[in-house]
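Read off the chains here:
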Amino acid sequence: MSYVDEVIERVITQNPAQPEFHQAVREVLDTLRPVIDEKEQRYRDVALLERMTTPERQILFRVPWVDDNGKVHVNNGFRVQFNSAIGPYKGGLRFHPSVNLGIIKFLGFEQIFKNSLTSLPIGGAKGGSDFDPKGKSDREVMMFCQSFMTELYKHIGADSDVPAGDIGVGGREIGYLYGQYKRLTGLYEGVLTGKSLNFGGSLVRTEATGYGLVYLVEEMLNDNNDSFKDKTVVVSGSGNVAIYAIEKAQQLGAKVVTCCDSTGWIYDPDGIDLELLKDVKEVRRARLTEYAAKRPGAQYHEGVGVWTVPCDIALPCATQNELHLADAKMLIANGCKVVGEGANMPTTLDATTYLQKSGVMFTPGKASNAGGVATSALEMSQNSERTSWTFEQVDAKLQQIMKNIYHNCADAANEYNMPGNLVAGANIAGFRKVADAMNAQGIV
Ligand code: NDP
């Protein structure tokens, strides 16, 4: 049996009931086969893949908190510090009822390669809780965040592990988490990113993942003599990534006609009214029914369905495994030529393969959503320097980083005779740097 197959089997046996983690490992290792084959014995001798697929540290903790009626709740807290070969651990915190150890491990594993692709010195980690901020009062969210940080602060630091936001963790949650960290440690340091601008946040961090996705897809389109201009785009999600992907796609001349949340979706043939969407989602934290109520031409549908709408470009920006094989077939039948992942692993493995075999230009999340963590790393730099850069400075750096990521992935794919296969290219380019660093640092 090949080394890659042995390690995939080992991961499945040693991590039972963690299908998303198995899926992420399989996707990465399958595409690394040509690279591993070149040095199989060397990698076997140092158990490189076993070490790379095993987190350096997994922290699991209890998060008790009291709601507005005096009732005590207990949630699970997680921080998985996966790999620190190229820098301090870096990766978001997710607060969502679907969070479990397997989900955090899949996200932490992906984060290693994504962070490597940014070319910045950051290792891979992820954390979170099965707490659901939806429907909670501000006070309840604060109580939860304070309890979560009361355990987490023991394991993080500006030079060791710097968490950020993810699903369910935005500016409000980062503020409460930061306040508690400062209170417990007495340190005013860049221990979290995604902070508010008036206490160490970076301009462009809010927009970075969505903008970065569109910058990378635009670079890929330019490389193929095309662009976003006059294209019809479908987007899923209506959170941080989706909103700023819509904004940048519109700025580049595209018409975005859909968005969704976990209960329903919008089809707006005149193009999404972004100001209204921001008001519904960022200000009022309401459901998309409120968007439809204020926008006469828009249709609201319960359930899922954005992939049934004809488009040139699809940008999945909601969550993992939201674009299945049947969706991929529907997209292609309706003329879709490009799929750019904004979320982490939104496309199932069989759907990804089908899209690639059908000639669709496909960018994997670990490349196309890396703008968020890259800008987080720029926030860390500004915090260390005790300075802040202008919007234009950060945006220019973000654009350059996304262009470089695209070309590094495309070049790695070409080198291994897989032109256009950015899934393989991203994994190979991300892997090589981490593998070299791990080898140089010995068996640790
Ligand atoms: P948010 O919490 O801001 O938004 C998530 C959006 O997706 C919400 O509109 C949510 O709807 C919707 N959603 C969640 N689950 C489902 C579902 N099962 N079906 C349909 N819609 C769903 O999260 P982000 O925008 O920050 O993150 C989105 C994705 O991007 C995640 O995969 C995340 O890991 C990834 N990502 C985020 C980065 C960032 O900087 N924020 C960086 C890199 C990756 P509802 O409100 O109803 O739950």
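Keep in mind it's a predicted model, so treat the numbers as computed, not measured. (Residues numbered from 1 in each chain as written. Predicted model: local features only at pLDDT ≥ 70, side-chain atom pairs only at ≥ 80, totals over all residues. Heavy atoms only, no water.)

**Observations regarding unusual backbone geometry**
Move 1: Although it is not a glycine, alanine 17 sits at a positive phi angle of roughly 60°.
Move 2: Exposure remark for alanine 17: the relative accessible area of 76% places this residue in the exposed category.
Move 3: Not every positive phi belongs to a glycine, and alanine 47 is a case in point at roughly 50°.
Move 4: With respect to the element layout, alanine 47 can be found in the loop between helix 3 (40-45) and helix 4 (48-52).
Move 5: By relative accessible area, alanine 47 is classed as partly exposed at 25%. (Buried < 20%, exposed > 50% of the residue type's maximum accessible area, 1.4 Å probe, protein only. Helix = DSSP H or I, 4+ residues; strand = E, 2+ residues; numbered from the N terminus.)

**What about the domain arrangement of the protein?**
How big an interface is tends to be expressed through the accessible area that disappears when the partners come together.
Move 1: Parsing the protein into structural domains produces domain 1 (1-54), domain 2 (55-188) and domain 3 (208-368).
Move 2: The distance between the C-alpha centroids of domain 1 and domain 2 comes to 27 Å.
Move 3: Listed by partner, the interface residues are eleven residues for domain 1 and 13 residues for domain 2.
Move 4: A combined buried area of about 1000 Å² lies between domain 1 and domain 2, and 69% of that area is made up of carbon and sulfur atoms. (Domains from an automatic or database assignment. Contact = heavy atoms within 4.5 Å. Buried area = accessible area lost by both parts, 1.4 Å probe.)

**Structural notes on the nonpolar core**
Move 1: Counting residues in each nonpolar core, the largest one holds 103 residues, and the members touching the most others are Leu315 and Phe431.
Move 2: Element by element, the count of residues in this core is highest for helix 17 (residues 422-440), at ten residues.
Move 3: Once residues within four sequence positions are removed from consideration, leucine 315 is found in contact with Leu213, Val214, Val217, Val233, Val234, Val235, Ser236, Ala245, Trp307 and Gly340.
Move 4: Counting residues in hydrophobic clusters, the runner-up holds 21 residues, among them Ile59, Leu93, Met149 and Leu192. (Core = buried A, V, L, I, M, F, W, Y, C linked by side-chain atoms within 4.5 Å.)

**Concerning the packing of helix 5 (residues 101-117) against helix 17**
Move 1: Between helix 5 and helix 17, whose axes approach to 8 Å, the crossing angle comes to 85°. Classified by the angle their axes make, helix 5 and helix 17 are roughly perpendicular. In contact with Ile112, Phe113, Ser116 and Leu117 of helix 5, helix 17 contributes Ala426, Asn427, Ala429, Gly430, Phe431, Lys433 and Val434.
Move 2: Broken down by class, the residue content of the contact of helix 5 with helix 17 amounts to seven nonpolar, three polar and one charged. (Axes fitted to C-alpha atoms, helices over the stretch in contact; angles between N-to-C directions. Parallel < 35°, antiparallel > 145°, perpendicular 65-115°, else oblique. Nonpolar A, V, L, I, M, F, W, Y, C, P; charged D, E, K, R; others polar.)

**Topic: the site of the ligand**
Move 1: Residues in close proximity to the ligand total 24 residues, the closest being Lys134, Asp166, Thr209, Ser262 and Arg287.
Move 2: The contact in question runs from an oxygen atom of the ligand to an N or O atom on the side chain of aspartate 166, over 2.6 Å.
Move 3: In this structure, an oxygen atom belonging to the ligand sits 3.1 Å away from a main-chain N or O atom of glycine 168.
Move 4: Out of a free accessible area of 890 Å², the ligand has 84% covered by protein chains.
Move 5: Grouping the constituent residues of the shell around the ligand by class yields six nonpolar, eleven polar and seven charged.
Move 6: Viewed by domain, the shell around the ligand spans two of them, domain 2 (55-188) and domain 3 (208-368), each represented by three or more residues. (Near = heavy atom within 4 Å. Polar contact = N/O pair within 3.5 Å; in protein donor to acceptor, adjacent residues only side chain to side chain. Areas by Shrake-Rupley, 256 points an atom, 1.4 Å probe, with all protein chains shown as cover.)

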